[in-house]
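The primary structure of each chain is shown beneath.
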Amino acid sequence: MRKNIVAGNWKMNKTLQEGIALAKELNETLANEKPNCDVIICTPFIHLASVTPLVDAAKIGVGAENCADKEVGAYTGEVSAAMVASTGAKYVILGHSERRAYYHETVEILAEKVKLALANGLTPIFCIGEVLEEREANKQNEVVAAQLASVFSLSVEDFSKIILAYEPVWAIGTGKTASAAQAQEIHAFIRSLVAEKYGKEVAENCSILYGGSCKASNAKELFANPDVDGGLIGGAALKVADFKGIIDAFN
């Protein structure tokens, strides 16, 4: 069954102490509630081992924001999928537009990261999306199709373990948001590509999240679309009240 998901991406924000406080506050806020969606927080690496045991795993999943494309070895400063999994974290964001743009992560590098994440029992939240020039040239469909090559080499079984996140890069942190209609159009297109590759049932069960200036004020309209299964939330995930407002969009 396709899941509704609200995932927070903290990015490079919050010291360890601030991150622990934020996770505790979210845990307390959700303690007496049963959200109508899966809730995930993806934190900086150094937070993972501290935050994971603090939250109720039945209510809040914890993930990393990245992992290495190598298994083990002399890669100073890198963090492997096995290390992420050893903290108790269950998810990892891969292919975020910031990683693609600033750290030049290619389709091939990301394919390796996805394989290693899956081999270590992690659920990848795999990001795809076009930049403004590509959207203005009406190339968004070919861009996301090319980016999906990183996961389209997987077996049906492995692909079925992945969460997709569509992020129009021109809407991340800019205050611009794809309209609900624009979001639905491209989410439906992405789902059609999955159906072509893996069949209708796999496509129907695949959760596709929207990311890009999603906030409490527009979440309900975005999530009402038949092919938008939740959000990958940046800035609004850094305050519990804002994040909770998005979670409540499913109620």
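Here's a quick rundown of the structure.

Scoring rules and cut-offs
Residues numbered from 1 in each chain as written. Predicted model: local features only at pLDDT ≥ 70, side-chain atom pairs only at ≥ 80, totals over all residues. Heavy atoms only, no water. Phe/Tyr/Trp six-rings, centres within 6.5 Å; stacked < 30°, edge-to-face > 60°. Helix = DSSP H or I, 4+ residues; strand = E, 2+ residues; numbered from the N terminus. Buried < 20%, exposed > 50% of the residue type's maximum accessible area, 1.4 Å probe, protein only. Lys NZ or Arg CZ within 6 Å of the ring centre and 35° of its normal. Salt bridge = Lys/Arg side-chain N within 4 Å of Asp/Glu carboxyl O. Pairing = 2+ DSSP bridges. Right-handed = clockwise from strand over helix to strand, strands pointing away.

1. Description of the packing of aromatic side chains
Part 1 of the argument: Following the criterion strictly, the structure yields 6 aromatic pairs and no others.
Part 2 of the argument: With a centroid separation of 4.5 Å and 15 degrees between ring planes, the pair formed by phenylalanine 159 and tyrosine 198 is classed as stacked. With phenylalanine 159 in helix H8 (residues 156–159) and tyrosine 198 in helix H9 (residues 180–198), this pair connects stretches of sequence that are 39 residues apart.
Part 3 of the argument: Owing to a relative accessible area of 1%, phenylalanine 159 belongs among the buried residues under this scheme.
Part 4 of the argument: Each residue in the set Phe152, Phe159 and Tyr198 is aromatic and connected to the rest through ring pairs, giving one cluster.
Part 5 of the argument: We note arginine 99 situated over the ring of tyrosine 103; from NZ or CZ to the ring centre the distance is 4.1 Å.
Part 6 of the argument: Above the face of the tyrosine 198 ring, lysine 197 is positioned so that its terminal group lies 5.9 Å from the ring centre.

2. Let's talk about the pattern of salt bridges
Part 1 of the argument: Applying the stated criterion across every chain yields a total of 14 salt bridges.
Part 2 of the argument: In this structure, the salt-bridge partner of arginine 2 is glutamate 204, at a minimum N-O distance of 2.9 Å. Placement of the pair is arginine 2 in the segment before strand E1 (5–9) and glutamate 204 in helix H10 (residues 200–205), with a sequence separation of 202 residues.
Part 3 of the argument: Residue glutamate 204 is classed as partly exposed on the basis of its relative accessible area of 35%.
Part 4 of the argument: Two residues, glutamate 130 and arginine 135, come together in a salt bridge whose shortest N-O distance is 2.9 Å.
Part 5 of the argument: Salt bridges sharing partners connect three or more residues here, namely Arg2, Arg191, Glu204, Asp227 and Asp229.

3. Quick notes on the pairing of strand E3 (residues 60–64)
Part 1 of the argument: By the criterion of burial, E3 is predominantly enclosed, with 5 of the 5 residues buried.
Part 2 of the argument: Strand direction decides the pairing type here: strand E2 (residues 38–43) and E3, joined by 5 bridges, are parallel. Looking at the pairing, cysteine 42 lines up with glycine 63 of E3.
Part 3 of the argument: What joins E2 to E3 is helix H2 (residues 45–51), and the crossover it makes is right-handed.
Part 4 of the argument: By the bridge criterion, 2 bridges tie E3 to strand E4 (residues 91–94) in an arrangement that is parallel.

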